[in-house]
Amino acid sequence: IPVSEIGLGAWQLGEHSGWKNLSEDQAQKLVHKALDLGVNFFDTAPVYGGGTSEIRLGKALKGVDRSQIVLNTKFGRDETGKVDFSATHIRKSIEGSLKRMQTDYIDSVIIHSPPIELLDGTKNDHYEMLEDLISEGKIKAYGASIDSYDEIKLLLSTTNAKAVQVFFNIFHQDAVRAFDLIKEKKVGFKAKIP
């Protein structure tokens, strides 16, 4: 699927998410305006607005050709705000996101700012569980929301991750050192805090 160069971060769609509280109608209009402008990539997380970001995004995308939309959500910080990176929590988290967004699959799931030791696929069960969820058709890809070259290198050299969300802007350039590796591994790159 061609992915729009600019995506819509859906944190602000959630109720009481730390942003000016959008009404249900305003949230729907924001998503529809993004679609009208050619945006087809939407990034959310269970923790955004206590799950209401995912709910509102799912409602706004009802009736839209799902095969043309790219949904990214996260794992590790649940809708109650609890931080739980355990492998046993992955399935519950993803199934909750599927239900809230009213969709059969998620295009990419990324681990939400994990500690660096969790990025090592040789020492964690997480990636086997994520591969199982790909086999089941619940997700298409996985990766992590990370901040540095060392984190990117560890993740991409020890897992089959196909997506990274990286702190990257004019002030934070460390990720540039990983661009060749990202390209070589054919991994989707999403700049966070652009």
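Residues numbered from 1 in each chain as written. Predicted model: local features only at pLDDT ≥ 70, side-chain atom pairs only at ≥ 80, totals over all residues. Heavy atoms only, no water.

Draft legend 1. Layout of the environment of alanine 60. For alanine 60, the location among the structural elements is in helix α2 (residues 52-60). Distance from alanine 60 to glycine 7, taken between C-alpha atoms, is 15 Å for residues 53 residues apart in sequence. Apart from residues no more than four positions distant in its own chain, alanine 60 is found in contact with Gln28, Val31 and His32. (Helix = DSSP H or I, 4+ residues; strand = E, 2+ residues; numbered from the N terminus. Contact = heavy atoms within 4.5 Å.)

Draft legend 2. Just the pairing of strand β7 (residues 188-192), in detail. Two elements, strand β6 (residues 163-167) and β7, share 5 bridges in a ladder whose sense is parallel. Paired with phenylalanine 167 across the strands is lysine 192, a residue of β7. Traced from β6 through helix α6 (residues 179-184) to β7, the parallel crossover comes out right-handed. (Pairing = 2+ DSSP bridges. Right-handed = clockwise from strand over helix to strand, strands pointing away.)

Draft legend 3. Spatial organisation of the packing of α2 against helix α3 (residues 87-101). Here α2 crosses α3 at 45°, and the two axes come no closer than 7 Å. Taken together, the axes of α2 and α3 are oblique relative to one another. Of the residues in α3, those touching α2 at Glu54, Ile55, Leu57 and Gly58 are Ser97, Arg100 and Met101. Its residues assigned to classes, the contact of α2 with α3 comprises 3 nonpolar, 2 polar and 2 charged. (Axes fitted to C-alpha atoms, helices over the stretch in contact; angles between N-to-C directions. Parallel < 35°, antiparallel > 145°, perpendicular 65-115°, else oblique. Nonpolar A, V, L, I, M, F, W, Y, C, P; charged D, E, K, R; others polar.)

Draft legend 4. The arrangement of unusual backbone geometry in detail. With a phi angle near 55°, glutamine 102 is a residue other than glycine that sits in the positive phi range. According to the relative accessible area criterion, glutamine 102 is partly exposed, its value standing at 41%. (Buried < 20%, exposed > 50% of the residue type's maximum accessible area, 1.4 Å probe, protein only.)

Draft legend 5. Quick peek at the packing of aromatic side chains. Overall, the coordinates contain 5 aromatic pairs when judged by the stated rule. Taking 5.4 Å as the distance between ring centres and 65° as the angle between the ring planes, the aromatic pair formed by phenylalanine 168 and phenylalanine 179 counts as edge-to-face. A residue pair is termed long-range when its members are at least 10 positions apart, and phenylalanine 168 in the loop between β6 and α6 and phenylalanine 179 in helix α6 qualify at 11 residues. Measuring from ring centre to ring centre gives 5.9 Å for phenylalanine 168 and phenylalanine 189, while their planes differ by 80°; the resulting arrangement is edge-to-face. (Phe/Tyr/Trp six-rings, centres within 6.5 Å; stacked < 30°, edge-to-face > 60°.)

Draft legend 6. Looking closely at the pattern of salt bridges. Taken as a whole and assessed by the stated rule, the structure comprises 16 salt bridges. Among the ionic pairs, arginine 177 bridges to aspartate 174, the shortest N-O distance being 3.0 Å. Residue class for arginine 177 comes out exposed when judged on its relative accessible area of 52%. Using a relative accessible area of 29% as the deciding quantity, one classes aspartate 174 as partly exposed. Members of the salt-bridge network, linked through shared partners, are Glu15, Glu24, Arg56 and Lys59. (Salt bridge = Lys/Arg side-chain N within 4 Å of Asp/Glu carboxyl O.)

Draft legend 7. Just α2, in detail. A large share of α2 lies buried, amounting to 7 of its 9 residues. For α2, the full list of buried residues reads Thr52, Ser53, Glu54, Arg56, Leu57, Gly58 and Ala60. Buried positions along α2 lie against α1 (24-36), β2 (41-43), β3 (70-75) and α3.

Draft legend 8. Representation of the environment of glycine 188. Structurally, glycine 188 can be placed in strand β7. Separated by 23 residues in sequence, glycine 188 and glutamine 165 place their C-alpha atoms 8.4 Å apart. Setting aside chain neighbours within four positions, we find glycine 188 in contact with Lys162, Ala163 and Val164.

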